[in-house]
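Understanding the architecture of this molecule
Here's the letter readout for the chains.
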Amino acid sequence: DIGKLNTAVFAVSKEGQIFGRGSNDHGKLGIGKEVNSIPSITEILSLGQYKIRSTYAGFWHSLFETLEGTILSCGRNCFGELLLSNSSGENVYSPTETT
């Protein structure tokens, strides 16, 4: 069961929608803090206002690239892997524009 592993899987549609499934450890799916995992492919609604070109799934974090080239990130940020101005080490549960 992929939802029980520390794995996240993403797919991007031709229209720029993003879909994901798997573990939400540290918020890496960008679906908030309350949901631990998604067992089947589901649209990531927190990214609905963006047209996504590409996604990159790390072990505890994820990056999303918009058609305009903006990078959004979510998940664990212990070592600055989310590319945010604040590397506090706190988890980021909603996709946040990088600096």
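Refer to the structure printed above.
All of the points below concern the structure found in this document. Keep in mind it's a predicted model, so treat the numbers as computed, not measured.

Conventions used here
- Residues numbered from 1 in each chain as written.
- Predicted model: local features only at pLDDT ≥ 70, side-chain atom pairs only at ≥ 80, totals over all residues.
- Heavy atoms only, no water.
- Pairing = 2+ DSSP bridges.
- Helix = DSSP H or I, 4+ residues; strand = E, 2+ residues; numbered from the N terminus.
- Axes fitted to C-alpha atoms, helices over the stretch in contact; angles between N-to-C directions.
- Phe/Tyr/Trp six-rings, centres within 6.5 Å; stacked < 30°, edge-to-face > 60°.
- Lys NZ or Arg CZ within 6 Å of the ring centre and 35° of its normal.
- Salt bridge = Lys/Arg side-chain N within 4 Å of Asp/Glu carboxyl O.
- Buried < 20%, exposed > 50% of the residue type's maximum accessible area, 1.4 Å probe, protein only.

Now for the sheet that holds strand β2 (residues 18–23). Judged by pairing direction, the sheet is antiparallel, and its three strands sit side by side in the order β1-β2-β3 without closing on themselves. For this open sheet the edge positions go to β1 (8–12) and β3 (37–43), each flanked by a neighbour on one side alone. In this sheet, adjacent strand axes meet at a mean angle of 10° when their direction is disregarded. Bridging between β2 and β3 involves four bridges; their strand directions are antiparallel. What sits directly across from G22, in β3, is I38.

Using the criterion set out here, one finds two aromatic pairs in the structure. Residue placement shows K28 over the ring face of F59; its charged tip is 5.9 Å from the ring centre.

Close approach of charged atoms allows side chains with opposite charge to pair. Overall, the coordinates contain one salt bridge when judged by the stated rule. The partner of R53 in a salt bridge is E65, and the shortest N-O contact between them spans 3.5 Å. Taken together, the residues span a long stretch of sequence, with R53 in strand β4 (residues 52–57) and E65 in strand β5 (residues 61–66) at a distance of twelve residues. The class for E65 is buried, based on a relative accessible area of 16%.

Here we take up the environment of L67. Position of L67 relative to the elements: it lies in the loop between β5 and β6 (71–75). Distance from L67 to K51, taken between C-alpha atoms, is 5.9 Å for residues 16 residues apart in sequence.

It is worth spelling out the sheet that holds β6 at this point. Pairing in this open sheet of four strands is antiparallel, and the strands run β4-β5-β6-β7 from one edge to the other. If you trace the sheet from one side to the other, it starts and ends with β4 and β7 (92–97), each paired once. Across the sheet, the mean angle from the axis of one strand to that of its neighbour is 15°, orientation sign disregarded. Where β6 and β7 come together, three bridges link them in antiparallel fashion. Bridge assignment links G75 to a residue of β7, and that residue is V92.

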